[in-house]
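What follows is the residue order along each chain.
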Amino acid sequence: MEFTEAYKQTGPCCFSPNARFIAVAVDYRLVIRDTLSFKVVQLFSCLDKISYIEWALDSEYILCGLYKRPMIQAWSLTQPEWTCKIDDGPAGIAYARWSPDSRHILTTSDFQLRLTVWSLVNTACVHVQWPKHASKGVSFTQDGKFAAICTRRDCKDYVNLLSCNSWEIMGVFAVDTLDLADIEWSPDDSAVVIWDSPLEYKVLIYSPDGRCLFKYQAYESGLGVKSVSWSPCGQFLAVGSYDQMLRVLNHLTWKTFAEFMHLSTVRGPCCAAVFKEVDEPLLLDMSDLCLSDDFIHNNHDNASEGHFRVRYEVMELPISLPFQKPPADKPNPKQGIGLMSWSSDSQYICTRNDSMPTALWIWDIRHLELAAILVQKDPIRAAAWDPTCTRLVLCTGSPHLYMWNPSGAYCVNVPLQQYTIVDLKWNSDGSCLLLKDKESFCCAAVPALPESSDEYGSDE
């Protein structure tokens with residue numbers, strides 16, 4: 001792997017959808033770099049510090065959320081002289097997002113008073129009253145023709161179906177939730193999934209005309225749903241719960257066909273490989289060199305001074321994983337499936353049980369079994385699948401990058417001084433990784449996976 005130098009950032013960073021550019025917030029400046037040369041191709045100055053950035057799907061426009069103002073500014077890469085500023089007056093702006101056509105911006109006001117659709121073509125705007133959430137509760141179809149927007153009025157949750165062409169409301173239907181958490185269109189646009197707040201375990205599948213196709217409730221007492229995710233192929237719906245279980249539903253009957261438990265002790269028989277991150281002191285073999293005794297002694301002291309490299313060690317079963325019992329007297333307990341992500345081919349799904357934050361579980365959906373467990377020294381900050389192949393990358397706030405594929409797992413050291421990876425993102429073609437430190441970022445060129453690999457438990 002090849003790494004760039006570190007560049008300054010003070011906020012969000014993200015690749016453009018076409019993978020050609022990377023946008024970086026540096027205080028009140030928006031810096032656009034080329035992903036091949038990393039030269040600055042555009043520099044835009046905003047009116048305040050940038051809190052949020054999002055590319056339009058056509059990669060031509062980009063919006064910046066200045067939530068301290070509150071205000072939105074949008075810029076064009078092809079027309080640098082073009083500017084756009086959105087200020088919703090006393091209503092404020094809590095969140096902003098692009099529409100699929102890249103020519104409209106949707107903003108949600110403070111206190112969820114209204115959602116406004118702003119046109120960049122004719123300056124027209126459309127209002128939807130009482131959106132349920134600021135950043136959640138809005139989902140677009142894959143073809144970009146319709147938007148589902150959740151609203152709440154008279155103590156009842158509703159779904160509003162809007163045309164993304166005219167922004168007219170095509171239909172409204174009430175949903176059977178106590179406190180709707182979020183909504184997501186299926187990848188084939190045939191249904192929407194809605195789930196309730198953690199206080200009520202309820203997952204609902206609705207058709208676009210408002211018919212309830214299925215109601216799923218795994219249990220009644222205790223905290224309920226924590227995360228929900230469609231598989232890219234659209235055939236599976238994964239539901240992560242506070243009871244530390246992952247359940248997978250099929251799209252034909254909406255029945256559960258897999259239940260995966262996250263136990264603190266993993267026992268055999270089990271086909272999973274368990275990789276544990278371990279430290280290995282860096283010692284140089286100087287037996288053939290004529291060096292002073294003091295030099296050799298100083299080299300052997302490297303281990304005590306923290307000169308290590310990390311690698312994965314394949315562990316034998318049974319194995320006990322580090323477990324943290326959440327306090328019973330505090331809200332939002334750190335337990336349950338808080339991180340969940342599908343591979344691009346829908347064969348694997350990775351999960352993190354928040355009461356075992358250093359362990360990443362990788363499940364094989366085709367064989368309905370546990371494929372691997374990665375046990376890290378530090379809590380897992382982020383994990384992301386390569387969009388082009390079955391390769392998983394994760395970070396833990398350490399100077400190392402951790403990778404897994406069906407052939408094995410390995411660790412990669414980032415060759416930058418005092419650099420810790422707190423977040424990571426792939427570009428859309430899988431050729432480049434964005435690695436964020438607290439005040440800087442770098443990128444890594446990722447080679448394509450070979451046809452067969454012998455990287456099982458190795459390190460780089």
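Fair warning: this is a prediction, and the values are worked out from it, not measured in the lab. (Residues numbered from 1 in each chain as written. Predicted model: local features only at pLDDT ≥ 70, side-chain atom pairs only at ≥ 80, totals over all residues. Heavy atoms only, no water.)

*Asks:* Please give an account of the overall build of the chain that cites residues and values.
*Replies:* Each helix and strand in the chain was counted, giving 1 helix and 41 strands. C-alpha atoms of the chain, sized along the principal axes, occupy 80 × 55 × 45 Å. Residues counted as buried form 54% of the 460 residues belonging to the chain. Long-range contacts, defined here as pairs at least 24 residues apart, represent 45% of the contacts in the chain between residues at least 6 apart. Surface exposure of the chain reaches about 21,500 Å², of which carbon and sulfur atoms provide 50%. Placing the 39 positive and 56 negative side-chain charges of the chain at their respective mean positions leaves the two points 8 Å apart. (Helix = DSSP H or I, 4+ residues; strand = E, 2+ residues; numbered from the N terminus. Buried < 20%, exposed > 50% of the residue type's maximum accessible area, 1.4 Å probe, protein only. Contact = heavy atoms within 4.5 Å. Areas by Shrake-Rupley, 256 points an atom, 1.4 Å probe, with all protein chains shown as cover. Lys, Arg positive; Asp, Glu negative; His and termini not counted. Charge placed at Lys NZ, Arg CZ, Asp CG, Glu CD.)

*Asks:* Break down the pattern of salt bridges for me, with residues and values.
*Replies:* Oppositely charged side chains can form a pair if their charged atoms are brought close together. Summed over the entire model, instances satisfying the criterion amount to 19 salt bridges. Among the salt bridges present, the one from Asp157 reaches Arg152, with a minimum N-O distance of 2.7 Å. Judged by its relative accessible area of 0%, Asp157 falls in the buried class. The residue Arg211 makes a salt bridge to Asp209 at a minimum N-O spacing of 3.1 Å. Put simply, Lys132, Arg152, Asp157 and Asp179 are held in one network by salt bridges that share partners. (Salt bridge = Lys/Arg side-chain N within 4 Å of Asp/Glu carboxyl O.)

*Asks:* So what about the nonpolar core? Which residues, and what values?
*Replies:* Grouped together as the largest cluster of nonpolar side chains are 31 residues, with contacts concentrated most on Leu401, Leu424, Leu433, Leu435, Phe441 and Cys443. Ignoring sequence-local partners within four residues, the contact set of Leu424 consists of Ala382, Ala384, Val393, Leu394, Cys395, Leu401, Leu434 and Leu435. Ranked by size, the runner-up nonpolar core spans 23 residues in total, among them Phe236, Val248, Met340 and Trp361. (Core = buried A, V, L, I, M, F, W, Y, C linked by side-chain atoms within 4.5 Å.)

*Asks:* Describe in detail the environment of Lys255, supporting the description with residues and values.
*Replies:* Topologically, Lys255 is positioned in the loop between strand 25 (245-250) and strand 26 (256-261). Relative accessible area serves as the criterion here: at 47%, Lys255 is assigned to the partly exposed category. Taking the C-alpha atoms as reference points, Lys255 and Tyr216, 39 residues apart in sequence, are found 8.2 Å from one another. Look past the residues within four positions of Lys255 in its chain and what remains in contact with it is Phe214, Val248, Leu249 and Asn250.

*Asks:* Tell me about the state of the cysteines, and please be specific about residues and values.
*Replies:* Chemically, a disulfide is nothing more than a covalent bond linking the sulfur atoms of two cysteines. Under the definition given, this model contains 0 disulfides. Here Cys13 stays free of any disulfide, with the sulfur of Cys14 as its closest cysteine sulfur at 7.8 Å. (Disulfide = S-S within 2.5 Å.)

*Asks:* Please set out the sheet that holds strand 11 (residues 95-98) residue by residue, giving values where relevant.
*Replies:* Strand pairing within a sheet occurs via backbone hydrogen bonds; the two strands may be parallel or antiparallel. Taken together, 4 strands build an open sheet; the order of strands is 11-12-13-14 and the sheet is antiparallel. Edge strands, defined here as strands with exactly one partner in the open sheet, are strand 11 and strand 14 (125-129). Looking at each pair of strands side by side, their axes are set apart by 20° on average, direction ignored. Sheet topology note: the strand 13 (residues 114-119)/strand 14 ladder contains 5 bridges and is antiparallel. (Pairing = 2+ DSSP bridges. Axes fitted to C-alpha atoms, helices over the stretch in contact; angles between N-to-C directions.)

*Asks:* Can you explain the sheet that holds strand 9 (residues 71-76)? Please cite residues and give values.
*Replies:* Pairing is antiparallel in the open sheet, where 4 strands are placed in the order 7-8-9-10. Each edge of the sheet is formed by a strand with only one pairing partner; in this case those strands are strand 7 (52-55) and strand 10 (83-86). Across this sheet, the average inter-strand angle for adjacent strands is 20°, counted without regard to direction. By the bridge criterion, 6 bridges tie strand 8 (residues 61-66) to strand 9 in an arrangement that is antiparallel. In the strand pairing of strand 9, Leu63 is matched with Ala74.

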